[in-house]
Amino acid sequence: MEEAAHRIAMISSHLHPSDIQQMERGSVVRRSDCRAKGGAPGFKVAILGAAGGIGQSLSLLLKMNPLVSVLHLYDVVNSPGVTADISHMDTTAVVRGFLGQPQLDSALTGMDLVIIPAGVPRKPGMSRDDLFNINAGIVKTLCEGITRCCPHAVVNLISNPVNSTVPIAAEVFKKAGTFDPKKLLGVTKLDVVRANTFVAEVLGIDPREVEVPVVGGHAGVTILPLLSQVKPPCSFTSEEIHYLTDRIQNGGTEVVEAKAGAGSATLSMAFAAAKFADACLRGLRGDAGIVECAFVASQVTELPFFASKVRLGRGGAEEILPLGLLNEYERAGLEKAKKELSESIKKGVTFITK
Ligand SMILES: NC(=O)C1=CN([C@@H]2O[C@H](COP(=O)(O)OP(=O)(O)OC[C@H]3O[C@@H](n4cnc5c(N)ncnc54)[C@H](O)[C@@H]3O)[C@@H](O)[C@H]2O)C=CC1
Ligand SMILES: O=C([O-])CC(=O)C(=O)O
């Protein structure tokens, strides 16, 4: 008995207060906790909005990622339940839960990657921009936490409208003097995931073999699939190009309507976000040749933010790749996309600078 108490006292000196509370409630100290705290290779990742539709599945997928050594799950509701549940998975990441604004700073301290799916989703008949009034304030508050507690973390921003929330985050970081344009990435990976799926259906091939660059932004006409640059090289009829462009641009609305008031894409989004986070972590580890599409501060067009292929590395989005050759249809799409994007970006910037 005494020896066991001594062992727990020794271990607890390395533990987080929430782990100690768990022990006090009688849970067993897990050896994996001790190993991870002993410096197992891996990254510390926080998910803000972890109890939501995207957040829960994303937490599950990241608990399965061997590159993650510590996983912090923050939400304003239900994060203790999600944390208890996910922490029973027999994978190495140590999971800790944080509930409500007073615990935001603890959730963020020391993180390498912060993923933000916090905020309200669309209902049928709404545009992503209709979420601005609520989600802008949520993103602002969470990003202020990042400036205080992990200003060097890579940030994956999922909350809509991404075309405005990324500029909001950038302004918050600028105001605090911590803005590193390479570290702020709006997550547009779901557009690529959808494009790969729909193109593979048309071509009758395995979607895992398809790569479609999707540039611009993440709403309606700002989502611009570059079907002339699909890999493996292929050609489409103009009917197929119209069908594919429309389906990719409206993939989110397709799910919102099918869910009929119960929210927007959560499962495919968690899948896309987990793939994107994995790419960011492999970049941070120093792997070469990691290229993903993301909405970032950019000079690819005259707009201050734009989604395009970026090369991920130790510093985040280390290189923004050029758009490549566009055909006439894509050039026309680009002009439409830029017009709408410009307004959404201004709206985000003004929210902080007004
Ligand atoms: N970038 C993209 O491709 C996509 C973005 N989204 C967006 O992701 C966001 C989340 O979607 P869902 O998970 O379906 O919504 P949800 O409502 O199921 O979950 C959102 C979670 O955020 C939490 N939350 C609210 N305020 C918070 C705060 N201040 N701090 C921390 N957590 C807070 C809620 O408690 C909830 O658990 C929406 O804005 C949605 O439009 C959704 C799909 C794709
Ligand atoms: O459509 C929505 O509101 C959610 C979203 O961004 C997507 O599924 O692409």
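Residues numbered from 1 in each chain as written. Chains lettered and ligands numbered in written order. Predicted model: local features only at pLDDT ≥ 70, side-chain atom pairs only at ≥ 80, totals over all residues. Heavy atoms only, no water.

- Going by what an unreviewed UniProt entry lists, the protein is known as Malate dehydrogenase and is assigned to Acorus calamus.
- For the record of the protein, the UniProt heading Catalytic activity (unreviewed entry) holds the text "(S)-malate + NAD(+) = oxaloacetate + NADH + H(+)".
- In UniProt, the protein has this text filed under Sequence similarities (unreviewed entry): "Belongs to the LDH/MDH superfamily. MDH type 1 family." (UniProt positions renumbered as here; feature names shortened; annotations may be inferred.)

1. Some remarks on the confidence of the model for the protein
Keep in mind that low pLDDT regions are not for reading the predicted coordinates in detail.
Next, step 1: Mean pLDDT over the protein: 91, with 88% of residues reaching 70 or higher.
Next, step 2: Counting contacts from residues 1-40, a segment whose pLDDT is below 50, to residues more than four positions away or on other chains yields 29 contacts. (pLDDT = per-residue confidence, 0-100. Contact = heavy atoms within 4.5 Å.)

2. Some points on the site of ligand 1
Next, step 1: In the vicinity of ligand 1 lie 29 residues, with Gly53, Ile54, Asp75, Val120 and Asn160 positioned nearest.
Next, step 2: The separation between an oxygen atom of ligand 1 and a polar main-chain atom of Val120 is 2.9 Å.
Next, step 3: Here an oxygen atom of ligand 1 and a side-chain polar atom of Asn160 are 2.9 Å apart.
Next, step 4: Breaking the shell around ligand 1 down by element, the ones donating at least two residues are α4 (53-63), β2 (68-75) and α7 (132-149).
Next, step 5: Here the shell around ligand 1 gets 3 residues from one element, more than from any other, and that element is α7. (Near = heavy atom within 4 Å. Polar contact = N/O pair within 3.5 Å; in protein donor to acceptor, adjacent residues only side chain to side chain. Helix = DSSP H or I, 4+ residues; strand = E, 2+ residues; numbered from the N terminus.)

3. Quick word on the nonpolar core
Next, step 1: Counting residues in each nonpolar core, the largest one holds 44 residues, and the members touching the most others are Leu48, Leu108, Val114, Ile116, Ile146, Phe173 and Phe295.
Next, step 2: At the level of elements, β1 (43-48), α6 (104-108), β4 (113-116), α7, β5 (154-157), α8 (162-176), β10 (305-313) and α13 (328-353) are the ones that each hand at least two residues to this core.
Next, step 3: Not counting chain neighbours up to four residues away, the residues in contact with Ile116 comprise Leu48, Leu142, Cys143, Ile146, Val155, Asn156, Leu157, Ile158 and Ser159.
Next, step 4: Core analysis: the next-biggest nonpolar cluster, separate from the first, contains 42 residues, Ile47, Leu62, Leu73 and Ala317 among them. (Core = buried A, V, L, I, M, F, W, Y, C linked by side-chain atoms within 4.5 Å. Buried < 20%, exposed > 50% of the residue type's maximum accessible area, 1.4 Å probe, protein only.)

4. Some thoughts on the site of ligand 2
Next, step 1: Ligand 2 sits among Arg122, Arg128, Asn160, Leu190, Arg194, His218, Gly252, Ser264 and Ala265.
Next, step 2: A distance of 2.6 Å separates an oxygen atom of ligand 2 from a polar side-chain atom of His218.
Next, step 3: In the complex, the protein chains occlude 95% of the 260 Å² of accessible area that ligand 2 would expose alone.
Next, step 4: The pocket occupied by ligand 2, as judged from atoms lying within 2 Å of grid points, is the largest pocket. (Areas by Shrake-Rupley, 256 points an atom, 1.4 Å probe, with all protein chains shown as cover. 1 Å grid on protein atoms, 1.4 Å probe; cavity = no way out; pocket = protein on both sides within 12 Å on 5 of 7 lines; lining within 4 Å. Sits in = over half its atoms within 2 Å of the grid points.)

5. Some thoughts on the packing of helix α9 (residues 189-203) against helix α10 (residues 238-249)
Next, step 1: Look at α9 against α10: their axes get within 9 Å of each other, and the N-to-C directions meet at 150°. Compared by their axis directions, α9 and α10 come out roughly antiparallel. In the crossing of α9 with α10, the sense of the turn from one axis to the other is right-handed. Here α9 contributes Asp191, Ala195, Phe198, Val199, Glu201 and Val202 to the contact with α10, which in turn contributes Glu240, Tyr243, Leu244, Arg247 and Ile248.
Next, step 2: A breakdown of the residues in the contact of α9 with α10 according to their chemical character gives 7 nonpolar, no polar and 4 charged. (Axes fitted to C-alpha atoms, helices over the stretch in contact; angles between N-to-C directions. Parallel < 35°, antiparallel > 145°, perpendicular 65-115°, else oblique. Left-handed = near helix turned anticlockwise from the far one by under 90°. Nonpolar A, V, L, I, M, F, W, Y, C, P; charged D, E, K, R; others polar.)

6. Brief notes about unusual backbone geometry
Next, step 1: Here the amide bond leading from Asn160 into Pro161 is cis, since omega sits at -5°, within 30 degrees of zero.
Next, step 2: Relative to the assigned elements, Pro161 resides in the loop between β5 and α8.
Next, step 3: Here Lys231 and Pro232 are connected by a cis peptide whose omega angle stands at 0°.
Next, step 4: Relative to the elements of secondary structure, Pro232 occurs in the loop between β8 (223-225) and α10.
Next, step 5: The phi angle at Asn78 is positive, at roughly 60°, despite the residue not being glycine.
Next, step 6: By secondary structure assignment, the location of Asn78 is in the loop between β2 and α5 (79-86).
Next, step 7: Judged by relative accessible area, which is 54%, Asn78 ranks as exposed.
Next, step 8: The backbone of Ala260 sits at a positive phi, close to 50°, despite the residue not being glycine.
Next, step 9: For Ala260, the position within the fold is in the loop between α11 (251-259) and α12 (267-285).
Next, step 10: A relative accessible area of 60% places Ala260 in the exposed class.

7. Digging into the packing of aromatic side chains
Next, step 1: Inspection of every chain in the model, using the stated rule, returns 2 aromatic pairs.
Next, step 2: Pairing Phe132 with Phe351 gives two aromatic rings, centres 5.6 Å apart and planes at 90°, and the pair type is edge-to-face. Taken together, the residues Phe132 in helix α7 and Phe351 in helix α13 connect sequence positions 219 residues apart.
Next, step 3: Take Phe132: its relative accessible area is 5%, and that puts it in the buried class. (Phe/Tyr/Trp six-rings, centres within 6.5 Å; stacked < 30°, edge-to-face > 60°.)

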